[in-house]
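Here is how the chains run, residue by residue.
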Amino acid sequence: MTLLVFIVSLLGAMAIGVPVAFALMFCGVVLMSYMGMFNSQIIAQNMIIGADTFTLLAIPFFILAGELMNAGGLSRRIIEFAIACVGHIRGGLGIVAIMAAIIMASISGSAAADTAALAAILIPMMANAGYNVPRSGGLIAAGGIIAPVIPPSMAFIVFGVSANVSITQLFMAGIVPGIFMGFALIAMWLVVVRKDKIEALPKASGAERLGATGRALWALGMPVIILGGIKAGVVTPTEAAVIAAAYALFVGMVIYRELKPKDLPSVILRAAKTTSIVMFLVCAALVSAWLITAANIPAEVAGYIEPLIDRPKLLMLVIMLLILVVGTALDLTPTILILTPVLMPIIKMAGIDPVYFGVMFIMNCCIGLITPPVGVVLNVVSGVGRIPLGKVVVGILPFLLVEVCVLMLFVLFPEIIMVPARWLH
């Protein structure tokens, strides 16, 4: 009955248009009232304690780094570098989109920001070269969701704090799956584009490639510094976020000189707005998380799926299908915050590695960003690329399918993730 109260109060509040953060708080109040332990101090204390975490400081700095990267010209030079390398191949601009998405993912970790930058630059180029525009938009959207999988990832930070799992291990475990997703998208792209009448870009000369590499070198050095520092144990993920923001500011203002002092207030304001949304969600969710534990909801859920506890792969399959369904209606961060406290005790009971589950969970939540009706990244591509949303949905279908197939492959063969992750860590 407690589980039913939790689900009905949460979904009921969201159904009438209550913002997710307030719906989570309302759900907490309802649960407390149902259990006869209502106390407004519990809500206030849990929200304050939830925000008072050193690890969460990484979120505003990584968001700021992403904003500085786009405003300072780092994103554009990464795309120019990719065009110089593979733009001349048939279907090369699609490969450029995925290459650039992987590189940019290792800098900002924001699906929406990376997708917006890619769509603004590449969709007009792809349209002029004769590519199918909705399909091109679909590819860019599918590539954009690699950002929260490859470190540094705000999604991993939120999950790590919520589940009490090492963020460094999550970062290292996300590298291989993110790259794997990229190669799968490239393979699908080359299949669907083979019959299109498209014009390949002129092949860049050795000097042009060298010049593009030189111009992008500072941008390409950013992921090396971030991931290298974390892997070597020199910095924590939070400290790496500060370094990333400082590095992006230095390169944008001093090296590329595209970021002017007058631009900083608007950049900082955009980062602050995004940070406030994420942090308020985290704080509100921790109220519900505390009450989920107090109400023993995980044990109630475990009772329903008890036959699957001894069959971890089947359990993972069922959980992944559940998250796919939830992801069609909820954004990335709310999905993590709502489901993590419910699912983690079950994962531990089944003996599933929490780091492996965390990577799978985030991958699945990211797929939710490109599934209608919510599909935040779909809306970004539609708005920036000026493509009707319905056409983007049709264009993304083959790439959505291949990403779901990659997810299911990792369900069947978890060692694909965990063996490289342990070696990297």
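For the structure, check the block above.
Just so you know, these numbers come straight off a predicted model, no measurement behind them.

Draft legend 1. Just the side chain of S106, in detail. Along the polypeptide, S106 turns up in the loop between α6 (92–105) and α7 (111–128). Residue class for S106 comes out buried when judged on its relative accessible area of 8%. Only 2.6 Å separates the side chain of S106 from the backbone oxygen of I103, close enough to count as a polar contact. The contact partners of S106, leaving out residues within four places of it in the chain, are I150, P151, P152, P223 and I226.

Draft legend 2. Representation of the state of the cysteines. Applying the stated criterion across every chain yields a total of 0 disulfides. No disulfide involves C405; its nearest neighbouring cysteine sulfur is the one of C366, lying 17 Å away.

Draft legend 3. The arrangement of the packing of aromatic side chains in detail. One pass over the full model with this rule turns up 10 aromatic pairs. Relative to F357, the ring of F159 has its centre 6.2 Å away and its plane inclined at 55°; by these criteria the two rings are tilted. Here the residue F159 occupies a position in helix α9 (residues 154–163), and F357 occupies one in helix α17 (residues 354–367), the gap between them amounting to 198 residues. In this structure, F159 and F357 share a single accessibility class: buried. Members of the aromatic cluster, connected to one another through ring pairs, are Y131, W189 and F399. Its end group placed over the ring of Y256, R77 keeps NZ or CZ at 3.8 Å from the ring centre.

Draft legend 4. Broad picture of helix α12 (residues 237–255). Between its terminal C-alpha atoms α12 stretches 25 Å, which fits the 27 Å expected from 19 residues at 1.5 Å a residue. Burial in α12 covers these residues: P237, T238, A240, A241, A244, A245, Y247, A248, V251 and G252. Elements in contact with the buried residues of α12: α4 (58–71), α5 (74–86), α10 (167–192) and α11 (206–231). Residue R257 follows α12 closely and has a positive phi angle near 60°.

Draft legend 5. Looking closely at the environment of A329. Structurally, A329 is set in the loop between α15 (312–327) and α16 (332–349). When its relative accessible area of 51% is taken as the criterion, A329 is described as exposed. Spatially, the C-alpha atom of A329 lies 32 Å from that of M125, the residues being 204 residues apart in sequence.

Draft legend 6. Representation of the nonpolar core. Within the largest apolar cluster, 161 residues are counted, with the highest numbers of intra-cluster contacts made by L122, F159, M320 and F357. For this core, the element with the highest residue contribution is helix α13 (residues 264–294), accounting for 12 residues. Here M320 is in contact with F357, M360, F361, N364, L407, M408 and V411, once residues within four sequence places are set aside.

Draft legend 7. Inspection of the pattern of salt bridges at higher detail. As enumerated under the stated definition, the model contains 5 salt bridges in all. Salt-bridge contacts for R270 lead to E67; the nearest nitrogen and oxygen are separated by 3.0 Å. Placement of R270 in helix α13 and of E67 in helix α4 is noted, with a sequence separation of 203 residues between them. A relative accessible area of 17% means that E67 is categorised as buried. Put simply, R76 and E80 hold a salt bridge, and the shortest N to O gap is 3.0 Å. On the criterion of helical spacing, the pair formed by R76 and E80 is a turn pair, its members being 4 residues apart in helix α5. Accessibility expressed as a relative area gives 31% for R76, which makes it partly exposed.

Draft legend 8. Structural context of the side chain of S153. Relative to the helices and strands, S153 resides in the loop between α8 (133–144) and α9. Of the polar contacts made by the side chain of S153, one reaches the backbone nitrogen of F156; its length is 3.1 Å. Leave out the neighbours within four places in its chain, and S153 touches A147, P148 and F171.

Draft legend 9. Local environment of a nonpolar patch on the surface. A surface patch of nonpolar side chains, amounting to about 270 Å² of accessible area, comprises L314, L317, V318 and L321. When you line up the elements, L321 lands in helix α15.

Draft legend 10. Geometry of the environment of P372. Looking at where P372 falls in the secondary structure, it is placed in the loop between α17 and α18 (376–385). The partly exposed category is assigned to P372, whose relative accessible area is 41%. P372 sits 314 residues away from A58 along the chain, and the two C-alpha atoms are 30 Å apart. Setting aside chain neighbours within four positions, we find P372 in contact with T328, L378 and V393.

Draft legend 11. Geometry of the packing of α16 against α17. The contact between α16 and α17 brings their axes to 11 Å, and the two run at 150°. Our classification of the angle between α16 and α17 gives roughly antiparallel. For the crossing formed where α16 meets α17, the hand is right-handed. Touching L332, T335, I336, L339, T340, L343, M344 and I347 of α16 are P354, F357, F361, I362, C365 and C366, all from α17. Taken together, the residues of the contact of α16 with α17 break down into 12 nonpolar, 2 polar and no charged.

Calculation notes
Residues numbered from 1 in each chain as written. Predicted model: local features only at pLDDT ≥ 70, side-chain atom pairs only at ≥ 80, totals over all residues. Heavy atoms only, no water. Helix = DSSP H or I, 4+ residues; strand = E, 2+ residues; numbered from the N terminus. Buried < 20%, exposed > 50% of the residue type's maximum accessible area, 1.4 Å probe, protein only. Polar contact = N/O pair within 3.5 Å; in protein donor to acceptor, adjacent residues only side chain to side chain. Contact = heavy atoms within 4.5 Å. Disulfide = S-S within 2.5 Å. Phe/Tyr/Trp six-rings, centres within 6.5 Å; stacked < 30°, edge-to-face > 60°. Lys NZ or Arg CZ within 6 Å of the ring centre and 35° of its normal. Expected span 1.5 Å × (residues − 1). Core = buried A, V, L, I, M, F, W, Y, C linked by side-chain atoms within 4.5 Å. Salt bridge = Lys/Arg side-chain N within 4 Å of Asp/Glu carboxyl O. Patch = residues over 30% accessible without salt bridge, like charges linked within 9 Å, V, L, I, M, F, W, Y side chains within 5 Å. Areas by Shrake-Rupley, 256 points an atom, 1.4 Å probe, with all protein chains shown as cover. Axes fitted to C-alpha atoms, helices over the stretch in contact; angles between N-to-C directions. Parallel < 35°, antiparallel > 145°, perpendicular 65-115°, else oblique. Left-handed = near helix turned anticlockwise from the far one by under 90°. Nonpolar A, V, L, I, M, F, W, Y, C, P; charged D, E, K, R; others polar.

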